[in-house]
Amino acid sequence: MVDEKKARRTTLDPAVADLLEGMQQRQAEAQMPKSERERLARERAKIQARRDQRATYDLPPAIREGIRVLAEELHLPASQLATLALARFLIDYQNGSVELAQYKQPSRSPRYDWNLIFPDELIMTLARKKKG
Amino acid sequence: MIFAFANQKGGVGKTTTAVTLADGLARMKKRTLLVDLDPQGHLALSFGLEKSAGLYRLVCLDEPLSEVVQSVRPNLDLVTGDKQTEKVKRQITLADFRESILSDMLAASDYDAVLLDMAPSLDVLHLNGLIAADWVVIPTRLDALAIDGVKEILNTMAEISQSGHRYRGYSILPTFFDRTTRETLIQFEEITRVFGKAVWPPVPQDTRVRETAAYGQTLWEYSPGSAAIGGYVESRQHLGGYRQVLGRLLEVIDGG
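Residues numbered from 1 in each chain as written. Chains lettered and ligands numbered in written order. Predicted model: local features only at pLDDT ≥ 70, side-chain atom pairs only at ≥ 80, totals over all residues.

A. Spatial organisation of the overall build of chain A. If you tally the helices and strands in chain A, you get 6 helices and 2 strands. In sequence order, chain A lays out its α and β elements as α-α-α-α-α-β-β-α. Put simply, chain A has 132 residues, and 6% of those count as buried. (Helix = DSSP H or I, 4+ residues; strand = E, 2+ residues; numbered from the N terminus. Buried ≥ 20, exposed ≤ 12 C-beta atoms within 10 Å, placed from the backbone.)

So this is what it looks like as structure tokens:
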């Protein structure tokens, strides 16, 4: 069955639809009991706080899978493992123990001067370990 | 491409919208002409100039457009208006082919965009503006009286269309938008239900807008970080505001 509300929204300017939805949501919340409004406000604050901790990077699937498998094995959140991995990398880089020059290739993109081109074995090692 | 900014209801933000979008287009390197069709002559004041009889010289004294325009900003020219604009109406009323006089005068211009700031009235000059326009932008407050003005403009456009004029489209621009009031929500739901995609993202109410004219500056100059320019920020997303409206206008100009 067609969701009438959604079908109508597709005919609106996207910014208008988003704004209208937010206003309707706030209006609906204003009708709720105080305790419910406070619960929603707490949830929103939590989501807002979490948003600042989020980032999106393109990763080779083998790395993403490696983190997922390890997190399952150790019964840990994958985000925390990724945080540890990145923190270790940044410390190593600041100590001078990571050398990027071997991976650097000039970029043709107007946004970047360089790309990092990784040797196949770097990623394949992970993939093999995963299978093993 | 000729845009008319029209609403028979006064005080809905026609002049501010025309000035802000014209300056925005000019900043995007579009050669833009702004024409004051209102005898109040407020466009000149908005750019820190004195009112003058630009439209009167163009229509009644037959001076060429290139000599009448004033360059007010890079890429932005202005045809001013003042109380002499009332004489323009009388002259047009007595002329042959009176409905298309403005359209004929602007036809030869080579601007990327021409923006007509219309008076809140329904007279022969208003009709000329609507006939010259390819696209009509209807700024409106979200209250019942202003929305009635929207319906009146659309009725007039429908009558003009019946006589053979082809509009490329129209847009309704909610102004003085206050998302915290229940009345705004009710009216916003109503116009989006009736007019759908023709409703452009609204411009938030912002005291900065009132201050700009007093300084003879545009909003981009006086307060580029204001809510009226940037809109509401939700989840890192900007909703509404003149910057987003400018994007919609550019889509129309570039045929997007």
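Having seen the model, we can carry on.
B. Quick peek at the pairing of strand β6 (residues 135–140) of chain B. All names here are of chain B. Of all 6 residues that make up β6, 5 are buried, and the element is covered over most of its length. Sheet analysis places β6 next to strand β7 (residues 169–174), joined by 6 bridges and oriented parallel. Bridge pairing links Val137 to Ser171 in β7. As for the winding sense of the linkage, the β-α-β connection from β6 through helix α8 (residues 144–162) to β7 is right-handed. (Pairing = 2+ DSSP bridges. Right-handed = clockwise from strand over helix to strand, strands pointing away.)

C. Quick peek at the interface of chain A and chain B. Facing 12 residues of chain A, the contacting portion of chain B comprises 17 residues. Residues of the side of chain A that touches chain B, tallied by class, amount to 6 nonpolar, 4 polar and 2 charged. (Contact = placed C-beta atoms within 7 Å. Nonpolar A, V, L, I, M, F, W, Y, C, P; charged D, E, K, R; others polar.)

D. Highlighting the nonpolar core. Of all hydrophobic cores here, the largest spans 80 residues; its most connected members are Leu115 and Leu116 of chain B. If near-sequence neighbours (up to four positions away) are discounted, Leu115 of chain B is found in contact with Phe3, Phe5, Ala18, Leu21, Ala22, Thr32 and Leu34 of chain B. (Core = buried A, V, L, I, M, F, W, Y, C linked by C-beta atoms within 7 Å.)

E. A look at helix α5 (residues 78–95) of chain A. Residues and elements named next belong to chain A. Across its 18 residues, α5 extends 26 Å between first and last C-alpha, which sits within 8% of the 26 Å expected from 1.5 Å per residue. The buried count for α5 comes to 0 of 18 residues, which makes it a mostly uncovered element. In the segment just after α5, Gly96 is the residue with positive phi, at about 85 degrees. (Expected span 1.5 Å × (residues − 1).)

F. Region of interest: the environment of Gln205 of chain B. Residue and element names in this part refer to chain B. As for its placement among the helices and strands, Gln205 is situated in the loop between α9 (182–195) and α10 (207–214). On a C-alpha basis, the gap between Gln205 and Arg141 in space is 9.8 Å, while along the polypeptide they are 64 residues apart. When neighbours within four sequence positions are excluded, Gln205 is seen to be in contact with Phe176, Phe177 and Asp178.

All we've got here are geometric facts, nothing functional implied.
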